Amino acid sequence: YADGVRGHVRMHANISAIFQFLPEDLGAFAREHSQIKIDLQEHLSSDVLHAVQEGAADLGICNVGMANSGGALALQSRPYRADNLVLVVPRAHDLSALDAINFEDVLDWDIVGLHANSSISLAMRAAAAAAGRPLRQRIQVTGLDAMCRMIDNGLGVGLLPDRAFALMHGVGRLQAIPLTDPWAQRELRVVARDFDALPVTARLLV
């Protein structure tokens, strides 16, 4: 209050939401509600869900299905955005001329991946297990730009959300190939313990 902040919203979100969509959305909100402070932290989708469940965050934005595949957390959720995963390869790669690809055909190649418990990594492991094939994930990084630089330097191929790849246009000589697998079409959702019970500031943001 001494700084003129009339309230704040504690929010946790996964890297896909933060990189692709939240800068514009939070920027627009901040311009309209300059007296509300937003505390945003980046976490894995599973950690976002737990933070909301335990009250460490008012709101979360993440990929709910894969992160809560056991259905253990009882949270309310609403649609936020959708994205599609694409395979990112160097432009000189053998796969670069394809218009689309099934993930099973990617399993012949080394993969540069995100954190082992990220929603994309969990989806890849589940798809590889369903195909009865090993997942050759040789390198793990924590950022999308680091992933693209690794791929650009011939260390493997990787999966990224389509908008994230478009926003990083210019990071290396790379090509994106759409995945045909149903799980590659993802939905990001806003989660809360009870939307109606949120503080006024958080309800405004929702």
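Residues numbered from 1 in each chain as written. Predicted model: local features only at pLDDT ≥ 70, side-chain atom pairs only at ≥ 80, totals over all residues. Heavy atoms only, no water.

(A) Geometry of the nonpolar core. One finds Leu-87, Phe-103, Leu-159, Leu-160 and Leu-179 to be the most contacted residues of the largest nonpolar core, which totals 33 residues. The set of elements that each furnish at least two residues to this core consists of β4 (76-90), β5 (111-113), α5 (119-131), α6 (144-152), β7 (158-161), α7 (162-167) and β8 (174-178). The element contributing the most residues to this core is β4, with 5 residues. Leave out the neighbours within four places in its chain, and Leu-179 touches Leu-85, Val-86, Leu-87, Ile-101, Phe-103, Leu-159 and Ala-184. Counting 19 residues, the second-largest nonpolar core is a separate cluster that includes Ala-13, Phe-21, Leu-22 and Phe-29. (Core = buried A, V, L, I, M, F, W, Y, C linked by side-chain atoms within 4.5 Å. Buried < 20%, exposed > 50% of the residue type's maximum accessible area, 1.4 Å probe, protein only. Helix = DSSP H or I, 4+ residues; strand = E, 2+ residues; numbered from the N terminus. Contact = heavy atoms within 4.5 Å.)

(B) A look at the packing of aromatic side chains. For the coordinates displayed, the defined rule picks out 2 aromatic pairs. Between Phe-103 and Trp-183, the aromatic rings sit 5.4 Å apart at their centres with planes inclined by 80°, giving edge-to-face as the arrangement. With Phe-103 in the loop between β4 and β5 and Trp-183 in the loop between β8 and β9 (185-192), this residue pair connects regions lying 80 residues apart in the sequence. Residue class for Phe-103 comes out buried when judged on its relative accessible area of 1%. Sitting over the face of the ring of Phe-195, Arg-78 holds its NZ or CZ atom 4.1 Å from the ring centroid. Over the face of the ring belonging to Tyr-80 we find Arg-81, whose NZ or CZ atom lies 4.8 Å from the ring centre. (Phe/Tyr/Trp six-rings, centres within 6.5 Å; stacked < 30°, edge-to-face > 60°. Lys NZ or Arg CZ within 6 Å of the ring centre and 35° of its normal.)

(C) Local environment of the pairing of strand β3 (residues 59-62). Alternating residues of β3 divide into Leu-59 and Ile-61 and Gly-60 and Cys-62, and every residue in both groups is buried. Where strand β1 (residues 7-13) lies against β3, 3 bridges are found, and the strand directions are parallel. What sits directly across from Ala-13, in β3, is Ile-61. The pairing of β3 with β9 spans 3 bridges and is antiparallel. Bridge assignment links Ile-61 to a residue of β9, and that residue is Val-190. (Pairing = 2+ DSSP bridges.)

(D) Molecular detail of the side chain of Arg-189. Relative to the helices and strands, Arg-189 is located in strand β9. For Arg-189, a relative accessible area of 19% corresponds to the buried category. Here the side chain of Arg-189 touches Ser-77 through a polar contact of 2.7 Å, side chain to side chain. Here the side chain of Arg-189 touches Glu-187 through a polar contact of 3.0 Å, side chain to side chain. (Polar contact = N/O pair within 3.5 Å; in protein donor to acceptor, adjacent residues only side chain to side chain.)

(E) Geometry of empty space enclosed by the protein. In the structure shown here, the tally under the stated rule is 1 cavity of 30 Å³ or more. Volume-wise, the largest cavity comes out at about 50 Å³. Lining the largest cavity we find Arg-91, Phe-165, Met-168, His-169, Gly-170, Val-171, Gly-172 and Leu-174. Classifying every residue of the lining of the largest cavity gives 4 nonpolar, 3 polar and 1 charged. (1 Å grid on protein atoms, 1.4 Å probe; cavity = no way out; pocket = protein on both sides within 12 Å on 5 of 7 lines; lining within 4 Å. Points joined across faces, edges and corners; volume = space filled by probe spheres on them. Nonpolar A, V, L, I, M, F, W, Y, C, P; charged D, E, K, R; others polar.)

(F) How the structure looks around α5. Compared with an ideal rise of 1.5 Å per residue, which puts 13 residues at 18 Å, α5 spans 18 Å between its outermost C-alpha atoms and is within 8% of the ideal. Looking only at α5, the buried set comprises Ser-119, Ile-120, Ser-121, Ala-123, Met-124, Ala-127 and Ala-128. Count one or two residues on from α5 and you reach Gly-132, which has phi positive near 70°. (Expected span 1.5 Å × (residues − 1).)

(G) Broad picture of the side chain of Ser-119. Its place among the elements puts Ser-119 in helix α5. A distance of 3.2 Å separates a polar atom in the side chain of Ser-119 from a polar atom in the side chain of Arg-186.

(H) Representation of the confidence of the model for the chain within the structure. Looking at the chain, the pLDDT average stands at 90 and 94% of residues meet or exceed 70. Looking over the chain, one finds the lowest element-wise mean pLDDT in helix α4 (residues 64-67), namely 70, and the highest in β3, namely 96. (pLDDT = per-residue confidence, 0-100.)

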